[in-house]
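Here are the chains, one letter per residue:
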Amino acid sequence: MHQQRIIYDDTTVRRFIIASVLFGIVGMAVGALAASQLAWWQANLGIPYTTYSRLRPLHTNAVIFAFVGNMMFAGIYYSTQRLLKTRMASDLLSKIHFWGWQLIIVAAAISLPLGFTTSKEYAELEWPIDVAIAVIWVVFAINFFWTLAKRHEKNLYVAIWFYIATIVTVAVLHIVNSLALPLSGMKSYSVFAGVQDALVQWWYGHNAVAFFLTTPILGIMYYFLPKAAERPVYSYRLSIIHFWALVFIYIWAGPHHLLYTALPDWAQSLGMIFSVMLWAPSWGGMLNGLLTLKGAWYKLREDPVLKFLIAGVTFYGMATFEGPLLSIKSVSALGHYTDWIVGHVHSGALGWNGFMAAGMFYWLVPRLYGTKLHSPKAADAHFWLGTVGILLYMVSMWISGVTQGLMWRAANPDGTLLYPNFVETLLAIRPMYIVRFVGGSMYLVGFIMMAWNLWKTARAGKAVDGETTVVVEPPAPTPVAEPVPAKAPTPGWVQVVTGRPLVFAIAILTVTMFLGWAKPVRAVVLMGAIIALGEFAWIVTRRDREAGRPSWFGLIEGKPLAFTVLTLIAILIGGVAELLPTIMLKQAVPAHGQAQEPYSPLELQGRDLYVREGCYTCHSQMIRPFVAETQRYGDVSRAEEFIYDHPFQWGSKRTGPDLHRLGGKYPNLWHYTHMMDPRATSPGSNMPPYPWLAEQRIVVKDAPKKFALMQRLGVPYSNADVDGAEARQKAQAEGITADLAAQGVQVAWDSEMVAIIAYLQRLGRGPQDLPASPEKSPAPPNRLPAATIASEEGR
Amino acid sequence: MSSEKPLLHSVYDGIEEHDNHLPNWWLFILWTSIIFSAGYWFWYHIAEAGPGQLGEYVAESAEVAKRASGNAPASDGMLLALAKDPASLESGKQVFQANCAACHGAQGQGSIGPNLTDAYWMHGGGPMAIHKVVADGVVAKGMPAWERTLGAERVKAVTAYLLTLKGTNAPGGKEPQGEPEQP
């Protein structure tokens, strides 16, 4: 038996903090620029790289993965070592993790403005970067679990549970959603199409919020809040319930991003009800944060750290109430595609993530540099500036979102649209865009003050690494809460598997599963069985506790492997239950969709430009089944219309109108004029101009390659189609250039403008909408230009 | 405040934990949301007692169609009468400026779309001929069908307004397209 001195690796923590603050400023500054572009279109600066539709993905990726990501790693590296009383397992892996992550961020910051994007929200990075993310994440996971194996603390504290959930779930989400076939070094196509792609994307997208922006920060809250408040955590049993409920339920909630779309009703309903059921588990986290301060509220007045942490937890509570509310179908009908959603995510991002980060940094940096915070006053000013900024942001986006949502559906007494012109609804909310820009900028200024404050603090002290001593050698008599079955007669894994909470959970889940197929009478019986099982479980648990039997939860907290496997199972259930039937559906859909014709080569090229420019950031391609939408945009969108869409382009926001039935609505000249100067055709629009499309050329030779790749993804192109792709591409393009030339506009046939017009003219048009071609042309896909030319001649 | 539970024995890096009971109001939210969800699933997906989203849409469409059925159908006489009604012309002008001017010019002189102030018409210059083009569009030429979006009344008003533009030969007009109108 001897004492061992352990020096923690705090260098890595300091590095992650510096990176987080630095990229936080960059990400938020890009956000402020993007916000200004919505209010003043001139702020797009007229070049591709600073245009809103390319900056928006840069902003979201920078804030999520660079700012919060680095902050999360700093918090995890700091707290994990201390909670396990051991140094991180490998300094080398820590280094690879840190530098690898920063390289990924730099690659993202370069590739996104250049237009390399998959167009899948919060997963826009192209495949080589996706591979790098997966590798670095695995490095992080190895380092973390290896550290768990080396721990000098028998049981795992609740913060560690949340870190485990984060690591396994993000890995699963990232890998499944990024599955794609590469066309070239920086271009790939999702293996999923249409409805499937939409569901996979929002299963990912929503759980990026859940497991990247929420669970790790909850873990951080469980460490830093009681530390800063010097108070015990409010309730251990609440932490058990809200942890398991959160990881199990969160994963189901993705389809609430797709309410009233072409996604099957049952999947939408699952998304909605699981979001509603998330309300209490989310608030469990908030309660454990807030009530930890019970009896110490006075500390809020003097300590900026607690101010930030408590305000952060409060914003978390607001956002997690608003989330379930927005997931109710009728609320989503109003709020979806509007700024309400933007306000909602920012109350989470700025309020929860941003303030938790600030609280953690203000607490950590003085300790990491062995000194005091340079200016608590400045931290206070940061707090108020940030809070007012968030409130301005949220309130302006509520007003803007509800206003626009109501204007879109407002009807005259005879049932026609009160505001038929989309731009009217945009002009109505412009003042709110200015308020939002002001609020966001205030928040940014506060954040920069923090950076200055932390810098001064670090300069005043010098880097110190924390340390502790542990007693090793004979089986450590570490103080452990629950009696641990170290020499129990039954092996550990048997105890885990036969634990009553697990047995009951599996029993209840199994019964619930059959509810999906049940008829009313049988369903009532099943629901009765579920209630009886739940009741029984409750009685047994109570009796066990009174008898003082060892807790199963205490047991698995001492077994990281079992804990990880159970977490993985908990998150897989929801994913499999929703994704599998929808992916199976893939075989069924084409039967309905036989009338669908795959894109022509030129349309496919144009589609890639639509993706590159990020049109989906402002335009949806999904007309919901409301009269107000079909009056404004055209017929309701149907699932079978998207079966060849790799990736889907449904979008999630309508800063501009829906485009799904745009095809054939306007002449080619209208599109040309609109792309060159959107305000020439739509006065009052805030869309950026895209004049470079007329200058730049498509890669003509890519057409057959793209066809061949689509063939491998299951799009029914014949080999002859692939061989004839270039010729077809040219024929269709020349039809469009001839039409434009007849009206005095000269563009090259292989210009990007022609390709994107071809795609836009195709949108939402099955062959059924097209007039029968009088002559049998050798190139059938010449649909629209042929029709146009025919009518030109018929003048 | 009253039922503060004793601390657990385990201490992690100085962090202690209480084992307080879950607040009743929190349990109430938890159970209510679960019961609501079970009921929702039962109602819509097991008993199938509520309409799906397309069912809702069909009902809504029928309701709107009923409301619009009060509108009188357009006719040559009605449109000519509206063309003499200042209130209708004012509304028609507003509709034109908001929706048509972008392609046909503020005076109707034409730019992306044809000149509406000359004597030439591609699809006929009679009141009902113009009404048909505005209402149903000409898909092959990129003229959108406006009745769906604007509604029947606004289409009538803007058609009446167009009748007053006819023959004004606005300056800077686009070259004629189509056939001269037969008087």
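Residues numbered from 1 in each chain as written. Chains lettered and ligands numbered in written order. Predicted model: local features only at pLDDT ≥ 70, side-chain atom pairs only at ≥ 80, totals over all residues.

### Topic: the overall build of chain B
Thinking step 1. Within chain B, the regular secondary structure consists of seven helices and two strands.
Thinking step 2. Ordering the α and β elements of chain B from the N terminus gives α-α-α-α-β-α-α-α-β.
Thinking step 3. Relative to its length of 183 residues, chain B is extended, with a C-alpha radius of gyration of 32 Å against a globular reference of 16 Å.
Thinking step 4. Overall, chain B is about 100 × 45 × 35 Å in size when its C-alpha atoms are taken along their principal axes. (Helix = DSSP H or I, 4+ residues; strand = E, 2+ residues; numbered from the N terminus. Rg over C-alpha atoms; globule rule 2.2 N^0.38 Å.)

### Observations concerning the overall build of chain A
Thinking step 1. Each helix and strand in chain A was counted, giving 30 helices and four strands.
Thinking step 2. Considering only C-alpha atoms, chain A reaches an extent of 95 × 65 × 55 Å along its principal axes.
Thinking step 3. When burial is assessed residue by residue, chain A has 56% of its 795 residues classed as buried.
Thinking step 4. Sequence-distant contacts, at least 24 apart, represent 83% of the contacts inside chain A between residues at least 6 apart. (Buried ≥ 20, exposed ≤ 12 C-beta atoms within 10 Å, placed from the backbone. Contact = placed C-beta atoms within 7 Å.)

### Considerations on the packing of helix 28 (residues 725-742) of chain A against helix 29 (residues 752-762) of chain A
All names here are of chain A.
Thinking step 1. Between helix 28 and helix 29, the shortest axis-to-axis distance is 10 Å and the interhelical angle comes to 95 degrees. Between helix 28 and helix 29, the angle falls in the class roughly perpendicular. Residues Gln732, Ala733, Ile736 and Thr737 of helix 28 form the contact with helix 29, whose participating residues are Val754, Ile757 and Ala758.
Thinking step 2. Here the contact of helix 28 with helix 29 is built from residues that sort into five nonpolar, two polar and no charged. (Axes fitted to C-alpha atoms, helices over the stretch in contact; angles between N-to-C directions. Parallel < 35°, antiparallel > 145°, perpendicular 65-115°, else oblique. Nonpolar A, V, L, I, M, F, W, Y, C, P; charged D, E, K, R; others polar.)

### Section: the interface of chain B and chain A
Thinking step 1. The partner chain A presents 61 residues to the 57 residues of chain B that form the contact.
Thinking step 2. For the side of chain B that touches chain A, the secondary structure elements donating two or more residues are helix 1 (24-46), helix 2 (53-68), helix 4 (86-104) and helix 6 (147-150) of chain B.

### A word on the UniProt feature "binding site: heme b 2; high-spin" (unreviewed entry) in chain A
All names here are of chain A.
Thinking step 1. Using the residue numbers shown here, the UniProt feature "binding site: heme b 2; high-spin" (unreviewed entry) corresponds to His344.
Thinking step 2. Here His344 lies in helix 13 (residues 339-368).
Thinking step 3. Setting aside chain neighbours within four positions, we find His344 in contact with Ala319, Glu322, Gly323 and Leu326. (UniProt positions renumbered as here; feature names shortened; annotations may be inferred.)

### Structural notes on the UniProt feature "transmembrane region" (unreviewed entry) in chain B
Thinking step 1. As recorded in UniProt, the feature "transmembrane region" (unreviewed entry) lies at residues 25-44 of chain B.
Thinking step 2. Helix makes up 100% of residues 25-44 of chain B and strand 0%, whereas the separation of the span's terminal C-alpha atoms amounts to 28 Å.

### A look at the confidence of the model for chain A
Residue and element names in this part refer to chain A.
Thinking step 1. Of all residues in chain A, 93% have pLDDT values of 70 or greater, and the mean over the chain is 90.
Thinking step 2. Contacts from residues 590-594, a stretch scored under 50 in pLDDT, to residues over four places away or in other chains number four contacts.
Thinking step 3. For residues 767-795, every residue scores under 50 in pLDDT, and the model assigns this stretch 38 contacts once sequence neighbours within four places are set aside. (pLDDT = per-residue confidence, 0-100.)

### Observations regarding helix 4 (residues 127-149) of chain A
Thinking step 1. Relative to the 33 Å expected for 23 residues at 1.5 Å per residue, helix 4 of chain A spans 33 Å between its end C-alpha atoms, a close match to the ideal helical length.
Thinking step 2. Within the sequence span of helix 4 of chain A, burial applies to Trp127(A), Ile129(A), Asp130(A), Ile133(A), Val139(A), Phe140(A), Asn143(A), Phe144(A), Thr147(A) and Leu148(A). (Expected span 1.5 Å × (residues − 1).)

### What about helix 26 (residues 702-712) of chain A?
All names here are of chain A.
Thinking step 1. The set of residues buried in helix 26 consists of Asp702, Ala703, Pro704, Lys706, Phe707, Leu709 and Met710.
Thinking step 2. Buried residues along helix 26 sit against strand 2 (180-184), strand 3 (187-190), helix 21 (601-613), helix 27 (719-723) and helix 28.
Thinking step 3. Of the residues flanking the end of helix 26, it is Gly714, one or two places downstream, whose phi is positive at about 105 degrees.

### What to know about the pairing of strand 1 (residues 2-7) of chain A
Residues and elements named next belong to chain A.
Thinking step 1. A small share of strand 1 lies buried, amounting to zero of its six residues.
Thinking step 2. Pairing of strand 1 with strand 4 (residues 467-472) involves six bridges; the strand directions are antiparallel. Of the residues in strand 4, the one forming a bridge with His2 is Val472. (Pairing = 2+ DSSP bridges.)

### Some points on unusual backbone geometry
Residue and element names in this part refer to chain A.
Thinking step 1. A cis amide bond links His646 with the next residue in sequence, Pro647, at an omega value of -10 degrees.
Thinking step 2. Within the secondary structure, Pro647 sits in the loop between helix 22 (627-633) and helix 23 (668-676).
Thinking step 3. With a phi angle near 55 degrees, Lys85 is a residue other than glycine that sits in the positive phi range.
Thinking step 4. Following the sequence through the fold, Lys85 ends up in the loop between helix 2 (52-84) and helix 3 (91-111).
Thinking step 5. By the C-beta count within 10 Å, which is 20 here, Lys85 ends up buried.
Thinking step 6. Even without being glycine, Ser119 reaches a positive phi, approximately 70 degrees.
Thinking step 7. Within the fold, Ser119 resides in the loop between helix 3 and helix 4.

### Thoughts on the confidence of the model for chain B
Segments scoring low in pLDDT should not have their predicted coordinates read at a detailed level.
Residue and element names in this part refer to chain B.
Thinking step 1. Looking at chain B as a whole, its pLDDT mean stands at 86, while 95% of the residues score no less than 70.
Thinking step 2. At the low end of the mean pLDDT range in chain B sits strand 2 (residues 179-180), at 81; at the high end sits helix 1, at 93.
Thinking step 3. Both scores are available for the predicted complex, with the pTM at 0.91 and the ipTM at 0.89.

### Concerning the nonpolar core
Thinking step 1. Leu309(A) and Phe361(A) are the most contacted members of the largest nonpolar core, which totals 193 residues.
Thinking step 2. The residues touching Leu309(A), leaving out its near neighbours within four places in the chain, are Phe224(A), Leu225(A), Ala228(A), Met356(A) and Gly359(A).
Thinking step 3. Core analysis: the next-biggest nonpolar cluster, separate from the first, contains 52 residues, Cys618(A), Leu740(A), Ile112(B) and Val155(B) among them. (Core = buried A, V, L, I, M, F, W, Y, C linked by C-beta atoms within 7 Å.)

### A word on the packing of helix 2 of chain A against helix 3 of chain A
Residues and elements named next belong to chain A.
Thinking step 1. The contact between helix 2 and helix 3 brings their axes to 10 Å, and the two run at 170 degrees. Compared by their axis directions, helix 2 and helix 3 come out roughly antiparallel. In this structure, helix 2 contributes Leu58, Asn61, Ala62, Phe65, Ala66 and Gly69 to the contact, and helix 3 contributes Trp101, Ile105, Ala108 and Ala109.
Thinking step 2. Classifying every residue of the contact of helix 2 with helix 3 by side-chain character gives eight nonpolar, two polar and no charged.

### Some details on the domain arrangement of chain B
Thinking step 1. Looking at chain B, the domain boundaries give domain 1 (1-50) and domain 2 (76-180).
Thinking step 2. Computed over C-alpha atoms only, the centres of domain 1 of chain B and domain 2 of chain B are separated by 63 Å. (Domains from an automatic or database assignment.)

### Section: the environment of Pro73(B)
Thinking step 1. Topologically, Pro73(B) is positioned in the loop between helix 2 and helix 3 (76-82).
Thinking step 2. C-alpha separation for the pair Pro73(B) and Ala119(B), spaced 46 residues apart in sequence, amounts to 27 Å.

### Some points on the pairing of strand 2 of chain A
Residues and elements named next belong to chain A.
Thinking step 1. Of the strand pairs in this sheet, strand 2 and strand 3 are connected by four bridges, and their pairing is antiparallel. Counted as the bridge partner of Pro182 is Ser188 from strand 3.
Thinking step 2. Between the antiparallel neighbours strand 2 and strand 3 lie two residues.

### Quick look at the environment of Tyr52(A)
Residues and elements named next belong to chain A.
Thinking step 1. With respect to the helices and strands, Tyr52 occurs in helix 2.
Thinking step 2. Separated by 14 residues in the primary sequence, Tyr52 and Ala66 place their C-alpha atoms 20 Å from one another.
Thinking step 3. Every residue in contact with Tyr52, bar those within four places of it in the chain, is listed here: Ala34, Gln37, Asn44 and Pro688.

### With respect to the environment of Gly405(A)
Residue and element names in this part refer to chain A.
Thinking step 1. Turning to its location among the elements, Gly405 is positioned in helix 14 (residues 376-409).
Thinking step 2. Residues Gly405 and Trp340, 65 residues apart in the sequence, show an inter-C-alpha distance of 9.0 Å.
Thinking step 3. Not counting residues up to four positions away in its chain, the partners in contact with Gly405 are Leu334, Gly335, Thr338 and Trp340.

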